[in-house]
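# Commentary on secondary and tertiary structure
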Amino acid sequence: MSDSTRIRPPWWLKYVNMVMIGMQRLGVGFGGNGPIVLEVRGRKSGKLRSTPVTPMTVDNKRYIVGGLPGSDWAANLRAAGEATLRQGRHAERVRVVEVPAEAARPLLRVFPIEVPTGVGFMKNVGLVTGPNPDEFEALAGRCPVFQLDPVNA
């Protein structure tokens, strides 16, 4: 994705993410459909990178939506193909496949229902004006959607 389609994250996002990651590491939960920490290796540095995400389940499959076009964590995830999801002390390895834009459309339509906290964020960065499913569907091809499949040990 080119820099022209990249949206600059809000100034406060890094700090909020650090607090959420710290709380998760301490075992503070956010409820059933709350954020969890996604850990993935950096595609350039090789260092482990962490970001809070809120998965949604549709037809018994889990997905995460990238709320900022051109985000580094999404590019790292694309390159790695695998990640670790952490919720408190629980860790799960997952394989990650980006969903093609056409298949992402119906998933993006249900995103405002399944992840209502994501609506406020996406509204704040100027991607949508509210929880309108049509606006979210229109983000297909712009905001990545990843399917998460457990890695069987």
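Check the entry above for the structure.
The following paragraphs examine the structure supplied in this document. (Residues numbered from 1 in each chain as written. Predicted model: local features only at pLDDT ≥ 70, side-chain atom pairs only at ≥ 80, totals over all residues. Heavy atoms only, no water.)

## Thoughts on the packing of helix α3 (residues 101-114) against helix α4 (residues 116-124)
A pair of packed helices is characterised by two quantities: the angle between their axes and the separation of those axes. Relative to each other, α3 and α4 sit at 105°, their axes nearing to 5 Å. Comparing the axis directions of α3 and α4 gives the class roughly perpendicular. Of α4, the residues touching α3 (which contributes Phe111, Pro112, Ile113 and Glu114) are Pro116, Gly118, Val119 and Met122. Looking at the contact of α3 with α4, its residues break down into six nonpolar, one polar and one charged. (Axes fitted to C-alpha atoms, helices over the stretch in contact; angles between N-to-C directions. Helix = DSSP H or I, 4+ residues; strand = E, 2+ residues; numbered from the N terminus. Parallel < 35°, antiparallel > 145°, perpendicular 65-115°, else oblique. Contact = heavy atoms within 4.5 Å. Nonpolar A, V, L, I, M, F, W, Y, C, P; charged D, E, K, R; others polar.)

## Here's the deal with α3
Counted at 1.5 Å a residue, the expected span for α3 with its 14 residues is 20 Å, and the 19 Å between its end C-alpha atoms agrees. Of all the bends in α3, the largest measures some 25° and sits at leucine 107. All of the buried residues along α3 are Ala104, Leu107, Leu108, Phe111 and Pro112. Tucked into the core, α3 has its buried residues touching β3 (56-58), β4 (61-65), α4, α5 (133-137) and β7 (145-150). (Expected span 1.5 Å × (residues − 1). Bend = angle between axes of the 7 residues up to and from the residue. Buried < 20%, exposed > 50% of the residue type's maximum accessible area, 1.4 Å probe, protein only.)

## Considerations on the packing of aromatic side chains
Applying the stated criterion across every chain yields a total of two aromatic pairs. Taking the centre distance of 6.1 Å and the plane angle of 50° together, the rings of tryptophan 73 and phenylalanine 146 count as tilted. Linking tryptophan 73 in helix α2 (residues 72-80) with phenylalanine 146 in strand β7, this pair joins segments that are 73 residues apart in sequence. Taking 5.7 Å as the distance between ring centres and 40° as the angle between the ring planes, the aromatic pair formed by phenylalanine 111 and phenylalanine 136 counts as tilted. Of this pair, phenylalanine 111 sits in helix α3 while phenylalanine 136 sits in helix α5; the two residues are 25 residues apart in sequence, bridging distant segments of the chain. Here phenylalanine 136 falls in the buried class, since its relative accessible area comes to 0%. (Phe/Tyr/Trp six-rings, centres within 6.5 Å; stacked < 30°, edge-to-face > 60°.)

## Regarding unusual backbone geometry
When glycine is set aside, most residues are seen to have a negative phi, and most peptide bonds are trans. Residue aspartate 59 is not a glycine yet carries a positive backbone phi of 50°. Positive phi outside glycine occurs at asparagine 60, with the angle close to 65°. For asparagine 60, the position within the fold is in the loop between β3 and β4.

## Some words on the sheet that holds strand β2 (residues 48-53)
Pairing between the strands of a sheet is mediated by backbone hydrogen bonds and can be parallel or antiparallel. As summarised here, the arrangement of the seven strands in space is β2-β1-β5-β6-β7-β4-β3, forming an open sheet in which the pairing is antiparallel. With partners counted over all chains shown, the strands left at the sheet margins are β2 and β3, one partner each. Recorded for the sheet is a direction-independent mean angle of 40° between the axes of neighbouring strands. Taken together, the four bridges between β4 and β7 define a ladder with antiparallel strand orientation. Bridging from a neighbouring strand, valine 65 pairs with valine 145 of β7. Lying on the sheet, α2 is in contact with β1 (36-41), β2, β4, β5 (82-87), β6 (90-98) and β7; it crosses β1 at an angle near 60°. Of the strands in this sheet, β3, β4 and β7 are in contact with α3, which crosses β3 at around 125°. (Pairing = 2+ DSSP bridges.)

## Observations regarding the nonpolar core
Membership of the largest hydrophobic core comes to 22 residues, with the highest contact counts inside it found for Met56, Leu108, Met122, Leu127, Phe136, Leu139 and Val145. Breaking this core down by element, the ones donating at least two residues are β3, β4, α3 and α4. Judged by nonpolar contacts, the second largest core, of 14 residues, contains Ile36, Leu85, Val94 and Leu148. (Core = buried A, V, L, I, M, F, W, Y, C linked by side-chain atoms within 4.5 Å.)

## Some details on the pairing of β7
Relative to β7, β6 runs antiparallel, the two sharing five bridges. Each bridged residue has a counterpart across the sheet, and for valine 97 the counterpart in β7 is glutamine 147.

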